[in-house]
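Observations on the model geometry
Letter by letter, the chains look like this.
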Amino acid sequence: MARLRSLVVHIDGLLCVCRGHRGSDSATWVAHERNIVIKSFTKAAALTAAAGAAVLMLTACGGQAAPQSPSAAAGGALSGPVVADGSSTVAPLSEAAADLFRDAEADVNVTVATSGTGGGFQAFCAGETDISNASRAIKDEEAEACAAAGIEFTEIVVANDGLSVVVNPENDWADDLTVEQLQTIWSPESEGEITNWNQVDPSFPDQPLTLFGAGTDSGTFDYFTEAINGEEGAIRTDYSPSEDDNITVQGVSGDVGAIGFFGLSYVEENEGAIRAVAVDGVMPSTETVQDGSYTPLGRELFIYVNNASYAEKPQVAAFVDFCLESHAEIAEAALFVPLTEEQVQVAQDELATLS
């Protein structure tokens with residue numbers, strides 16, 4: 001809506017210019033074209049519509065259109081790169097957004113890397129990326145690094161997630177694990193001590209326990225260790241870590257005694273290869289994440305936007321706007337839990353500070 005209001009003001013300004021160039025007859029024509037432009041205005045192509053309106057009206061008034069920025073291609077279409085890095089959990093969401101955005105702006109190249117939430121913030125605070133994907137909120141020391149480098153940013157919640165505990169499909173004994181049992185499996189004190197499923201629960205079989213999970217640069221690692229073990233970073237070290245959740249999928253799917261953890265979207269994408277278990281009697285789902293009953297593993301997912309990129313690169317601004325305006329469609333495409341109405345309002349308020 002902010003872009004629409006801006007467009008209307010811009011067109012009305014051109015109306016005044018046209019009156020000076022061509023007389024009163026042009027005002028009627030421009031008013032007519034103003035209505036056409038506004039009606040055809042779409043959220044995803046806000047900047048394109050504004051540029052197109054300017055060229056159309058100034059040409060009709062006998063004036064010359066102002067030169068377009070380097071990120072605007074012939075015909076008013078946007079072009080140029082949008083660089084994102086960070087969480088492998090959030091990556092499928094950004095990739096889905098990029099695919100949908102490409103339908104409207106084919107010349108904008110959105111790249112999504114997955115160095116983990118921590119690695120993403122390192123690149124972001126070094127000024128190497130426009131957007132940092134994060135499965136946790138930025139840490140104080142990361143924000144300080146950005147400030148020291150002169151990087152100002154805006155945090156926007158883009159989706160929700162149920163951090164899921166997963167096992168092999170042939171595991172027919174672990175359907176519902178308590179937080180206490182997860183602590184038994186994953187706590188630092190269990191390293192080298194808890195190596196069999198029957199040590200977790202006497203009713204479980206004599207089956208070696210194999211562990212896979214997020215690496216230390218992952219926001220999922222930070223969130224899981226704090227939620228389950230009560231301290232960020234507290235975890236046994238005799239497990240197979242990776243910032244790439246697909247590695248965890250491969251590990252768990254290949255070992256009947258394996259257990260791992262990652263975002264809900266990876267569960268839904270890999271149905272049949274792994275399966276999620278309930279935590280304290282509650283399965284991760286859209287409903288349980290949104291209503292808050294899936295605790296302590298329900299969480300928000302974020303993008304951090306470089307304010308200068310948003311202000312100076314029209315393709316970045318258009319993509320970020322699109323991510324929020326089409327959040328439900330993007331979440332559905334990427335198998336994420338969509339924002340609630342309250343979250344949408346907060347995100348819109350944050351984005352409005354950049355407009």
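Scroll up a little and you will see the structure.
The following paragraphs examine the structure supplied in this document. A quick note: this is a predicted structure, and the numbers were derived from the prediction, not measured.

Rules and cut-offs
- Residues numbered from 1 in each chain as written.
- Predicted model: local features only at pLDDT ≥ 70, side-chain atom pairs only at ≥ 80, totals over all residues.
- Heavy atoms only, no water.
- Pairing = 2+ DSSP bridges.
- Helix = DSSP H or I, 4+ residues; strand = E, 2+ residues; numbered from the N terminus.
- Contact = heavy atoms within 4.5 Å.
- Axes fitted to C-alpha atoms, helices over the stretch in contact; angles between N-to-C directions.
- Buried < 20%, exposed > 50% of the residue type's maximum accessible area, 1.4 Å probe, protein only.
- Salt bridge = Lys/Arg side-chain N within 4 Å of Asp/Glu carboxyl O.
- Patch = residues over 30% accessible without salt bridge, like charges linked within 9 Å, V, L, I, M, F, W, Y side chains within 5 Å.
- Areas by Shrake-Rupley, 256 points an atom, 1.4 Å probe, with all protein chains shown as cover.
- Lys, Arg positive; Asp, Glu negative; His and termini not counted.
- Charge placed at Lys NZ, Arg CZ, Asp CG, Glu CD.

Strand order in the open sheet formed by 5 strands is β8-β7-β9-β5-β10, with mixed pairing between adjacent strands. For this open sheet the edge positions go to β8 (240-242) and β10 (275-276), each flanked by a neighbour on one side alone. Pairing of strand β5 (residues 164-167) with β10 involves 2 bridges; the strand directions are antiparallel. Looking at the pairing, Val166 lines up with Ala276 of β10. Of the strands in this sheet, β5, β7 (210-214) and β9 (258-262) are in contact with helix α7 (residues 179-186), which crosses β9 at around 110 degrees.

With respect to the helices and strands, the residue Phe153 is situated in strand β4 (residues 153-162). In this structure Phe153 comes out as partly exposed when scored by relative accessible area, which is 26%. Taking the C-alpha atoms as reference points, Phe153 and Ser132, separated by 21 residues in sequence, lie 9.7 Å from one another. Those residues in contact with Phe153 that lie beyond four places of it in its chain are Phe124, Ile138, Ala143, Cys146, Tyr304, Val305 and Asn307.

What follows is about the pattern of salt bridges. One side chain can pair with another of opposite charge once the charged atoms of both are near each other. Under the definition given, this model contains 9 salt bridges. For Lys313, the salt bridge is made with Asp130, and the minimal N-O distance between the two is 2.9 Å. On the criterion of sequence distance, the pair formed by Lys313 in the loop between α13 (307-312) and α14 (314-325) and Asp130 in the loop between α5 (116-125) and β3 (131-134) is long-range, its members being 183 residues apart. Overall, the relative accessible area of 3% leaves Asp130 in the buried class. Two residues, Asp238 and Arg236, come together in a salt bridge whose shortest N-O distance is 2.7 Å.

Another point: a negative patch on the surface. On the surface, Glu95, Glu268, Glu269 and Glu271 cluster together into a negatively charged patch. Relative to the helices and strands, Glu268 resides in helix α11 (residues 264-269). Accessibility expressed as a relative area gives 36% for Glu268, which makes it partly exposed.

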